[in-house]
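The lines below spell out each chain.
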Amino acid sequence: MESLIGLLVAAPLLGAALLLVGGRRLDRFGHWLATGLAALSFALAVVLFVDMLGRDGGDRALSQHLYSWVPVSGFQADIAFQLDQLSMTFVLLITSVGTLIHLYSVGYMEHDVRRRRFFAYLNLFLAAMLILVLADNYLLLYVGWEGVGLASFLLIGFWQHKPSAATAAKKAFVVNRVGDVGLAIAIFLMFSTFGTFAFSPVLSTAEQASEGTLTAIGLMLLLAACGKSAQVPLQSWLGDAMEGPTPVSALIHAATMVTAGVYLVVRSGAIFDGAPAAQTVVVVVGAVTLLFGAIVGCAKDDIKKALAGSTMSQIGYMMLAAGLGPIGYVFAIMHLVTHGFFKAGLFLGAGSVMHGMNDEVDMRRYGGLRKYMPVTFVTMGLGYLAIIGFPYLSGFFSKDEIIYAAFGKGGAEGWILGGVTLLGAALTAYYMTRIMLMTFFGEKRWVKDAEGNDPHPHESPLSMTVPMIVLAVGSVGAGFVFNLNHSFVDWLSPVVATADGNSPVSHGMVSVLATVLMLVGVGAAWFQYGRRPIPEVAPTGVWITRAARRDLLQDDFNHAAFVTPGSYLTRGLVYVDHKLVDGVVNGTAAGFGGLSGRLRKVQNGFARSYAASMFGGAAILIAVTLLMRAV
Amino acid sequence: MSFPLLTATVLAPAIGAVATAAVPSARRNLAKWVALTASLVTAVLAILVLIRFEPGGDRYQLTESHAWIPAFGVRYELGVDGIAVALVALTAVLIPFLIGAGWNDADPKEGETPAGKRWRPTQGFFALILMVEAMVVMSFVATDIFLFYIFFEAMLIPMYFLIGGFGDRAGEHSENGQAKQRTYAAVKFLLYNLAGGLIMLAAVIGLYVATADLPGGSTFSLQAIAEARASGELTFAQNTERFLFLGFFIAFAIKAPLWPVHTWLPNAMGESTAPVAVLITAVVDKVGTFAMLRFCLGLFPEASAWATPVVIVLALISIIYGALLALGQRDMKRLIAYASISHFGFIILGIFAMTSQGQTGATLYMVNHGIATAALMLVAGFLITRRGSRLIADYGGVQKTAPILAGTFLIGGLATLSLPGTGPFVSEFLVLVGTFTRYPVAGIVACAGIVLAALYVLILYQRTMTGPVRPELSRMPDLRPRELAVVAPLIAMLIFLGVFPRPLTDIVDPAVQHTLSDVGESDPEPELEARR
Amino acid sequence: MSPENYLHLAALLFTIGACGVLLRRNAIVVFMSIELMLNAANLALVTFSRMHGNLDGQIMAFFVMVVAAAEVVVGLAIIVMVYRSRHSASVDDASLMKL
């Protein structure tokens, strides 16, 4: 069974290599090859899952040691995989959603001449993401971590001829690199503390390390998680990343890659448990991002950017839960999985809408689409109900558990976090309702596209709708299944620490509160967008709306704090290098040149001045000799 | 006596150089083939060296030793340790690709010479490249300091002509201005390195004087000096050792190049043709960092420990300064040159971290940087030849017209920014880990280089390859078979060394242990004993 | 009479010759001044020979005379040539050997 783990990774990796090297002759069937390999990966995952279920909770983990990667004295890095329940959860999510999105892309990218490359990159992403979650040490995880970053870069910038896409791709990679440095430093710290960076020795020895060390490692891991999961302060790339094709946004920037930060924090739970200060920072980051993303999501008119704000906000929930420690880990993962389903579904729905509307993304130019795209409307509607936490759909279970766990933190902290998560629930309901109302209800506000074509909204082909339907089913049912007899908690508890919080508010009370606030959010959105027609040009709005449209000034801040000073610094240094460092050398050369020019003048051709210098020299020599003798 | 394999590895390119130069002027294509054959023979010999070398065996292997100038104790002594083997292999493997990439670089320009007229630069170009190769290999295998010094210095002569004589005809200036720029670059290169060489000559003479008390008289033999030091027959006064160390180190720092003696590199790399630029940064400069490991640390351990803090700071400045300047460049070859300065900072940081990981990483870095820069620079060279400009602003949207060129450029760039899965990642990570365990702050500061590398590589890629296609580039041809044959194996090597670097680490690690024991350092122990 | 007086005389003659070389422009006069300096040196040599009681100085003086004679032959020839071509015997006019 162990040997299948390697195959799981190898299949999409092979696909990527074949499609990239194979050239044009694969154009005709390359996309099906890629989809098939993704499906093969999924099939292997299912086989491994069934096999895993056949064993007891305690010994479900499998490991496969492929080879020693970088053996240097005192330093051991292996290519080795570890498949436990936590990894399995991710593998199933990644391969299932991944396969569905491959299928969806067959339809979505049908008319793109570079479709083969697109599928190669998708396969590359799958392989890297699987390495990330299957690695048994932090260095291999780092490989996957940067690998998904590369795939994300390639896919965001897939339409490279658009300067905005190329810029967004670069921005995503560079901001992620800042986070990657955090992961690298965390690995350095582990190596100098524990002498290794493999999961099991580090995590089992973590309690012996000093709190200061653990806090440092924890904060560095959090930096990494912030980069990958678009958490404040490294959130700025996610909105721009929507420049990529929509299936990419669904797979990478909603369902899987952006949640890797949560995986990292949960996986490193033993480190965070020994570093309460770091945990507090995680919680704060999660809470801030939760509100930040929600506020941005409320103001955006671009359907994908609104959804991106929502993604940030939902990952904020997960991060907050992960920061709560053992009382939240399981629910962070649970929300991650349910979110994977409904957010991927929502993005695919958005893609389907754009597909029918000549790639228009401005929701102010949609309206009344429910009649033209019934399947899209229904599947997206189910995803919508799931995300806002409609009772007994996925989001209801996973989000309520997080809110309950937040209260369970206890004390004033518990009240604040509980309040923030509840507020987030209301905002979620508001912005999601806004999206649905602006897209599917109201009057038609369609406009001609750049070439003057009228939009002819139509339902998307089967290859696109089938994945949407499957994901909608997942959005509806996943939470219920997970909550049946605590199946999800029992499944993860052997590998992820669990504990009960001491919430001052009862579980039922939380559900009621969350549902009421959800209804308030829906009502507010209906009041604003459902009751009256939507203006085609956005009203100016109050200051917070204007700020939220500009992503709460994140880019203005980054520009003022980093980009502008940075470019001045580089320009200054170029000048310094040319004038000062080089100048010293060139100056020395010029100095010698000038000196020899002066000395040359002494050779004036007059015999008598030569004679005078001879006499002078002789006199000085004699004087010196005499002086020396006198001394 | 066994076959003198190392001498053969040096002689093959030397003979090739003479043969290439002797090809009649009318048959310049023959000269190219002669040069390519000679470089391939050298590569085969170098691979033989690699195979014959036993990682667990003696420190120096395949040794040869003959008296040369007995009056001064100068010997013809050759030998390789793991570090030298890796670099000899790098050099010998890279040169055929450089020759392939520069196949048409020294041909007469359209209308420059009437048919049948004498045209010798082609022969000269390839002969000079082979000459440099012979000298570089000799510097790697010489274990006699005087012998090393001679070739270390003699390398400047062919390099001077390669930089000054063959430009890429793509600068900002007029034909005349370009010639002026080239001369300036060549003279600057020569003066900088000569200055370093002179200081080193003084140190070599100093070493001769300092070893005069040995029973066998003065010696330049690395092994003899090491043995004498180990047995206590030879001790240096503290100041003598420090001055000698400085003499050697300054020469190597200029060659490497380390901030603030780096300014010759952007000029030299910017003005020369792409293969020559690769030759400078990937091969010739490696002699500097290699010699730091072998001579500075091996001969003067105490002085090395004394100088470490300063060297570490200079290396950190190089890393960040080089990267920031790369960001500010308008000329893509100068950008790559400044990136190299940043990377040499990493190499020197790894060497002076004095840990197994740091030094193994530094050695791997030398090899990987050579291949990665070659890939990036040669593709940049192909691009420049097509458009006739080195300015980044003159490009845009290349990926649309020449996707394979853009793809290989991206892979070269990603390797330059040390993406996992490519060789440079392994080496950069080792260097950083090795540095961090001893100097945490330096390790963290160096990490800034990682972020900046992503910035300058991706900005270069974005500005040249993406966006709308510029009208001048709309008919640009994609990579030709010859060009692809040059770049594809380099990329394959990069990926192989990133996924499976063991062949290299197995050879280098034992050699690094010897160097560390020379210096008397051992790796810092982890704070805790982790449960396995 | 003390032989030191000869040395004083030699020093005086040398100084006169040196001043002549530095101050006069006419090549012939400069030449004569050089001869004066040479002869002052000869006088000193002979005096030292006398003072130390060996012949080294006198032999040296003969060498000087021979060299001086040879110099006069070459030097005068050059001066004559210069005069013929430039119609001047001033050393300042012949300042051609400069950059």
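Residues numbered from 1 in each chain as written. Chains lettered and ligands numbered in written order. Predicted model: local features only at pLDDT ≥ 70, side-chain atom pairs only at ≥ 80, totals over all residues. Heavy atoms only, no water.

Under an unreviewed UniProt entry, the name given to chain C is NADH-quinone oxidoreductase subunit K, and the organism recorded is Streptomyces lonarensis. Recorded under Catalytic activity (unreviewed entry), the UniProt text for chain C is reproduced unchanged: "a quinone + NADH + 5 H(+)(in) = a quinol + NAD(+) + 4 H(+)(out)". (UniProt positions renumbered as here; feature names shortened; annotations may be inferred.)

Chain B is annotated in an unreviewed UniProt entry as NADH-quinone oxidoreductase subunit M of Streptomyces lonarensis. Here chain B is described in UniProt, under the heading Sequence similarities (unreviewed entry), as follows: "Belongs to the complex I subunit 4 family."

S.K.: Explain the pattern of salt bridges here, please?
M.R.: For side chains of opposite charge, pairing can occur when their charged atoms come near one another. Scanning the model with the defined rule gives 27 salt bridges over all chains in all. Taking the shortest distance from any N to any O, the salt bridge between Arg365(A) and Glu360(A) comes out at 3.8 Å. Given the relative accessible area of 36%, Arg365(A) is considered partly exposed. Among the ionic pairs, Arg470(B) bridges to Glu472(B), the shortest N-O distance being 3.2 Å. Residue class for Arg470(B) comes out partly exposed when judged on its relative accessible area of 27%. You can call Glu472(B) partly exposed: its relative accessible area is 44%. By sharing partners, the salt bridges in this structure join Arg387(B), Asp394(B), Arg470(B) and Glu472(B) into a single network. (Salt bridge = Lys/Arg side-chain N within 4 Å of Asp/Glu carboxyl O. Buried < 20%, exposed > 50% of the residue type's maximum accessible area, 1.4 Å probe, protein only.)

S.K.: Which parts of the structure should I look at to understand the pairing of strand S1 (residues 61–69) of chain B?
M.R.: Sheet faces and side chains relate simply in a regular strand, where the side chains alternate between the two faces. All names here are of chain B. Two strands pair when backbone bridges link them, and S1 and strand S2 (residues 74–80) are joined in this way by six bridges, in the antiparallel orientation. Bridge pairing in S2 places serine 65 opposite glutamate 77. Linking two consecutive strands that pair antiparallel, namely S1 and S2, is a turn of four residues; a positive phi of about 70° is found at glycine 73 within it. (Pairing = 2+ DSSP bridges. Helix = DSSP H or I, 4+ residues; strand = E, 2+ residues; numbered from the N terminus.)

S.K.: How should I be thinking about the interface of chain B and chain A in this particular structure?
M.R.: Listed by partner, the interface residues are 67 residues for chain B and 57 residues for chain A. Across the chain B to chain A interface the summed buried area is about 5300 Å²; carbon plus sulfur atoms make up 68%. Between chain B and chain A we count one salt bridge in total. Asp582(A) is the salt-bridge partner of Lys188(B), the closest N and O atoms lying 2.6 Å from each other. One can count 19 residue pairs in polar contact (both at pLDDT 80 or more) joining chain B with chain A. The element that contributes the greatest number of residues to the side of chain B that touches chain A is helix H18 (residues 440–465) of chain B, accounting for 11 residues. Residues belonging to the side of chain B that touches chain A are distributed by class as follows: 39 nonpolar, 17 polar and 11 charged. (Contact = heavy atoms within 4.5 Å. Buried area = accessible area lost by both parts, 1.4 Å probe. Polar contact = N/O pair within 3.5 Å; in protein donor to acceptor, adjacent residues only side chain to side chain. Nonpolar A, V, L, I, M, F, W, Y, C, P; charged D, E, K, R; others polar.)

S.K.: What should I look at first to understand a nonpolar patch on the surface in this one?
M.R.: On the surface, a cluster of nonpolar side chains totalling about 450 Å² of accessible area is made up of Ile199(B), Phe243(B), Leu246(B), Ile250(B) and Trp306(B). By relative accessible area, Leu246(B) is classed as partly exposed at 30%. (Patch = residues over 30% accessible without salt bridge, like charges linked within 9 Å, V, L, I, M, F, W, Y side chains within 5 Å. Areas by Shrake-Rupley, 256 points an atom, 1.4 Å probe, with all protein chains shown as cover.)

S.K.: Explanation requested: the interface of chain C and chain A in the structure shown.
M.R.: When the parts of a complex come together, some accessible area is lost, and that lost area is often used as the size of the interface. Contact residues are listed per partner, giving 15 residues for chain C and 10 residues for chain A. Contact between chain C and chain A buries roughly 980 Å² in total, counting both sides, with carbon and sulfur atoms accounting for 66%. Linking chain C to chain A there are one salt bridge. Arg608(A) is the partner of Asp92(C) in a salt bridge, and the nearest nitrogen-oxygen pair spans 2.8 Å. For the interface between chain C and chain A, the tally reads three residue pairs in polar contact (both at pLDDT 80 or more).

S.K.: Is there a simple way to explain the environment of Ala497(A) in this structure?
M.R.: All names here are of chain A. Looking at the secondary structure, you find alanine 497 in the loop between helix H20 (487–492) and helix H21 (507–530). Since its relative accessible area comes to 36%, alanine 497 is described here as partly exposed. Contact partners of alanine 497, with chain neighbours within four places excluded, come to Pro326 and Tyr329.

S.K.: Please explain the pairing of strand S2 (residues 75–83) of chain A as it appears in this structure.
M.R.: Residues and elements named next belong to chain A. For S2, a buried count of eight out of nine residues is recorded, marking the element as mostly surrounded by other parts of the structure. Two strands pair when backbone bridges link them, and strand S1 (residues 62–72) and S2 are joined in this way by nine bridges, in the antiparallel orientation. Among the inter-strand pairings, histidine 65 is bridged to a residue of S2, identified as alanine 80. Where S1 folds back onto S2 in an antiparallel hairpin, the turn is made up of two residues, including glycine 74, whose phi is positive at roughly 80°.

S.K.: Explain the packing of helix H1 (residues 4–23) of chain C against helix H2 (residues 27–52) of chain C to me, please; I cannot follow it from the model alone.
M.R.: Two packed helices can be described by the angle between their axes and the distance between those axes. All names here are of chain C. Here H1 crosses H2 at 160°, and the two axes come no closer than 8 Å. Relative to H2, the element H1 lies roughly antiparallel. Here H1 runs over H2; the crossing is left-handed. Contacts between H1 and H2 involve Tyr6, Leu7, Leu9, Ala10, Leu13, Phe14, Ile16, Gly17, Ala18, Gly20 and Val21 on the former and, on the latter, Val30, Ser33, Ile34, Leu36, Met37, Ala40, Leu43, Ala44, Thr47, Phe48 and Met51. Here the contact of H1 with H2 is composed, by residue class, of 18 nonpolar, four polar and no charged. (Axes fitted to C-alpha atoms, helices over the stretch in contact; angles between N-to-C directions. Parallel < 35°, antiparallel > 145°, perpendicular 65-115°, else oblique. Left-handed = near helix turned anticlockwise from the far one by under 90°.)

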